Structures are given as structure tokens and as C-alpha cells.
2 protein chains.
Amino acid sequence: MGVMTRWLDPDEQRTWRAFLAASRALMDTLDRELQRDAGMPHAYYEILVRLSEAPGRRLRMSELADLTGSSRSRLSHAAARLEAAGWIRREDCPTDRRGQIAALTDDGFAVLAAAAPGHVEGVRRHLFDALSPAQVDQLRRISETLVAHLTG
Amino acid sequence: MGVMTRWLDPDEQRTWRAFLAASRALMDTLDRELQRDAGMPHAYYEILVRLSEAPGRRLRMSELADLTGSSRSRLSHAAARLEAAGWIRREDCPTDRRGQIAALTDDGFAVLAAAAPGHVEGVRRHLFDALSPAQVDQLRRISETLVAHLTG
DNA sequence: GCGATTTAGTTGAGCATTCAACCACTATCG
DNA sequence: CGATAGTGGTTGAATGCTCAACTAAATCGC
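Conventions we followed
Residues numbered from 1 in each chain as written. Chains lettered and ligands numbered in written order. Predicted model: local features only at pLDDT ≥ 70, side-chain atom pairs only at ≥ 80, totals over all residues. Helix = DSSP H or I, 4+ residues; strand = E, 2+ residues; numbered from the N terminus. Rg over C-alpha atoms; globule rule 2.2 N^0.38 Å. Least-squares fit on C-alpha atoms with pLDDT ≥ 70 in both. Contact = placed C-beta atoms within 7 Å. Pairing = 2+ DSSP bridges. Axes fitted to C-alpha atoms, helices over the stretch in contact; angles between N-to-C directions. Near = placed C-beta within 6 Å. Nonpolar A, V, L, I, M, F, W, Y, C, P; charged D, E, K, R; others polar. Core = buried A, V, L, I, M, F, W, Y, C linked by C-beta atoms within 7 Å. Buried ≥ 20, exposed ≤ 12 C-beta atoms within 10 Å, placed from the backbone. Expected span 1.5 Å × (residues − 1). Parallel < 35°, antiparallel > 145°, perpendicular 65-115°, else oblique. Left-handed = near helix turned anticlockwise from the far one by under 90°.

Caption draft 1: Examining the overall build of chain A more closely. Scanning chain A from N- to C-terminus turns up 6 helices and 3 strands. The linear arrangement of helices and strands in chain A, starting from the amino end, is α-α-β-α-α-β-β-α-α. The C-alpha radius of gyration computed for chain A amounts to 19 Å, which surpasses the reference 15 Å derived for 152 residues by more than 25%, pointing to a less compact arrangement than a globule. Each principal axis of the C-alpha atoms in chain A carries an extent, and together these give about 55 × 40 × 25 Å.

Caption draft 2: Seen up close, the relation of the copies chain A and chain B. Rotating chain A by 180° and moving it 0.0 Å along the rotation axis overlays it on chain B with an RMSD of 0.0 Å. These values place the two chain copies in the arrangement generated by a two-fold rotation axis. A shared interface surface links the copies, since 100% of the contact residues of chain A are contact residues in chain B too.

Caption draft 3: Here's a closer look at the sheet that holds strand 1 (residues 58-60) of chain B. Residues and elements named next belong to chain B. Across the sheet, 3 strands lie side by side as 1-3-2; this open sheet has antiparallel pairing. Of all the strands in the sheet, the pair left with one neighbour each is strand 1 and strand 2 (88-92). Sheet twist, expressed as the average angle between the axes of neighbouring strands with direction ignored, equals 25°. In this structure, strand 2 lies alongside strand 3 (residues 100-104), joined through 5 bridges in antiparallel fashion. Across the sheet, the residue bridging to Asp 92 is Gln 100, located in strand 3. This element, helix 3 (residues 61-68), spans strand 1 and strand 3 of the sheet and lies at about 95° to strand 1. Along the sheet, helix 4 (residues 72-84) contacts strand 2 and strand 3; its crossing angle with strand 2, the most-contacted strand, is approximately 115°.

Caption draft 4: The arrangement of the sheet that holds strand 3 (residues 100-104) of chain A in detail. Residues and elements named next belong to chain A. Read across the open sheet, the 3 strands follow the order 1-3-2; overall the sheet is antiparallel. The open sheet has two edge strands, strand 1 (58-60) and strand 2 (88-92), and neither has a second partner. Strand after strand, the sheet turns through a mean of 25° between neighbouring axes, direction not considered. Packing against the sheet, helix 2 (residues 42-53) makes contact with strand 1, strand 2 and strand 3, and its axis sits at approximately 90° to strand 3. Against the sheet, helix 4 (residues 72-84) engages strand 2 and strand 3, with an angle of about 115° to strand 2.

Caption draft 5: The protein's contact with DNA strand C, seen in detail. Around DNA strand C sit 27 residues, and of these A:Ala43, A:Ser73, B:Ser62, B:Ser73 and B:Ser76 come closest. Secondary-structure elements contributing two or more residues to the surface near DNA strand C are helix 4 of chain A together with helix 1 (10-38), helix 3 and helix 4 of chain B. Broken down by element, the surface near DNA strand C gets its largest block of residues, 6 residues, from helix 4 of chain B. Counted by class, the surface near DNA strand C contains 6 nonpolar, 10 polar and 11 charged residues.

Caption draft 6: Region of the structure containing the protein's contact with DNA strand D. Contacts to DNA strand D come from 28 residues, most closely from A:Ser62, A:Ser73, B:Ala43, B:Ser73 and B:Arg97. For the surface near DNA strand D, the leading source of residues is helix 4 of chain A, giving 6 residues.

Caption draft 7: Quick look at the interface of chain A and chain B. Residue-level contacts link 42 residues of chain A with 42 residues of chain B. Per element, the largest residue contribution to the side of chain A that touches chain B is 14 residues, and it comes from helix 6 (residues 133-151) of chain A. In terms of residue class, the side of chain A that touches chain B is built from 22 nonpolar, 12 polar and 8 charged.

Caption draft 8: Fine view of the nonpolar core. With 72 residues, the main nonpolar core has A:Leu48 and B:Leu48 as its most contacted residues. B:Leu48 has contacts with B:Trp87, B:Leu104, B:Gly108 and B:Leu112, leaving out every residue within four places of it along the chain.

Caption draft 9: Layout of helix 2 of chain A. Its 12 residues give helix 2 of chain A an end-to-end C-alpha distance of 17 Å, which sits within 8% of 16 Å, the value for a rise of 1.5 Å per residue. Restricting attention to buried positions, one finds in helix 2 of chain A the residues A:Tyr44, A:Tyr45, A:Glu46, A:Ile47, A:Leu48 and A:Leu51.

Caption draft 10: Here's a closer look at the packing of helix 2 (residues 42-53) of chain B against helix 3 of chain B. Residues and elements named next belong to chain B. Between helix 2 and helix 3, whose axes approach to 10 Å, the crossing angle comes to 120°. Relative to helix 3, the element helix 2 is oriented oblique. Handedness of the helix 2/helix 3 crossing: right-handed. Every residue of helix 3 that contacts helix 2 at Glu 46, Ile 47 and Arg 50 is listed here: Leu 64, Leu 67 and Thr 68.

In C-alpha cells:
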């Protein structure tokens, strides 16, 4: 406070607005496609993906929250819906009586398997097909830098 | 359909997940800061910014929707809230009787002026400070390519 | 001109997310 | 051991977004 604001110069302004527009358009498009084709928002899809990759297809709620970059509250609400849909099941954790374990059901796995090809195709079409290999590499480095910076 | 899915290779997978994590973390952080410091979500801030830059500080609703990359419905709901807060005003369009014009009020401009320095500082800290000038340039090109690809 | 189609914008219902408050259990430290 | 602080997770209220349906006005086509 009291320090003069470091305003964005025209190039930074342009970069920031382009980034905003691009990430919003990309996410909105993928979210809409997933909702239409699989009946779930992208956030829920991600939860199922993470569970499907975990040993035993099950994870502690808090670990799942970290992996999906979501708040505990958000994950709790989402888990309630996913459980109501029969796609996951919640179990008590044997080593910590506070803990809960989210487990992907067979139905959940089937829904995920049905949704995956279309979604991956969408990611490819809307993101990777538009960029050169060099740009993909740049985007990876930039993104990893940002993640480290934001969570560090 | 019927065509084999072009799955993501490990590098693409890594890029996609890093991009997801980075853009989500960045947006969440800025949204939270803006909500805390200015009492509005980032989407509303953007609406006020676009209005403040328009001639006469007023824009047609549909043009405002395009500029902010939002649906008409979303903008309508947002405008209702912004009007209730006294930050914008809606006027009839003289040339098209279906049209509405959103006009930034003096209160709205003052709120924006108060919020801007903190927000710009956040964008700088969380985004630009983390990247090299070359990366900023890369990010601009990538983002502009994506926008063109997604809206083309 | 006049009916059919588009375009501008709003509305309401349903869903997802946030924030703060909360309970239950665990870990820490005197 | 016992008090205190911290962690894991859930809940409810409030807010914002999406989708589909709708009104009203402009435009198109003949």
C-alpha cells in the first residue's frame, strides 16, 4: 500500500485479455460438450478421472481435493451428487476415523469410459490442433511455472 | 464417430493438466482477491471495465456480451445485479426498440477506480512476475491463436 | 404489405460454487 | 493425562451460471 500501481503496458494488457478470452472460451466449450454428451460438468469428469487412476480406484477426500484443485467444500458437494448418481461410493477410512474414502463404482467407471473418447477428442480439436509442437511445449513450461508460482 | 480416438500422448497429457491447473488456480486466486477487496466477482469487474472504456461509458447489451465473452442470459442476470447495486443503469436504445443500453454510473466508475489498482497488482504478481518477457510473448501468441481457433 | 424467420433481451428453474460455521477426531505440548 | 490447537469433512445459505422458454421488435421473402 502507498506504492504506485504497476499498471500493465499495452502488450501486457493485450496478453492478459487474450489469455482471459482463450481460457474462458476453451473451458466453456469443453464444459458444454461434456454436459451435452455425458451429462456432467468438467469438474465432475476430473474427479472420476483421478479416481480411475488411483490404486483400487479410491482416494481420500482430501487427496482428491488436492489433485483436482478444489476446495474441500466443493468436493463434498460434488461427492454427494456423484454418490446420488451411483458413480462413486463413500467409505470410512480405517486409519483415521475422521476420514472418508471416495471409491469409483463400476457404473462410474463405465460412464467415464463412455465419456472419455469424446472429451479427449474435444481437447485435441480445440487446443492441440490449433498449436504448433513448439507452442505446446511453451504452453507446458508456462503453465508449470505458473502452477509452481501460485501454489508455492 | 467410428473413428479411433486420438488419445493424448504423455507430453500432451502433462501440458493439458498443467494448463488446467494453472488457469484454474490463477482465476480462482484473482476472483477471490477481487471478491474480498471489491465485493464483486471477476466477471462483474470485466463488465465495468468494458463500459468504462466505451464512448459515453455505455454499450449495447449484445455488444457488451460479446466483449466479455458471456452469454446474453448471463449478462442479463449480471446487469440486474449491477443495476441493483447502482453501478450501472439500463436505458432504452433509440434506434432499435428491442435494444437496451448499459451505462456505467458515477458510483460504478468510482467502485471500479477503487478496485483497479489492487486487481492489476494481482494480475502482475500472479501472472507477469512469474514469466520471462519471452514467455509473455509466447503466451500472447498462443492465446490469440486459440481465440481465433475457438471463435472462427 | 404481410406472414415467417431472426435477433435482442429477459426470466425462472435447476445446478455448481463459495463462505462461514460447525462436528468429530487427532496431534501437540504442558 | 488433560487442555488446546489443528485437521478432515460436511452442511446451509447466498450467489452466479446454464439452459430452455418466452416476449417483442426488426427483417426477409414473395
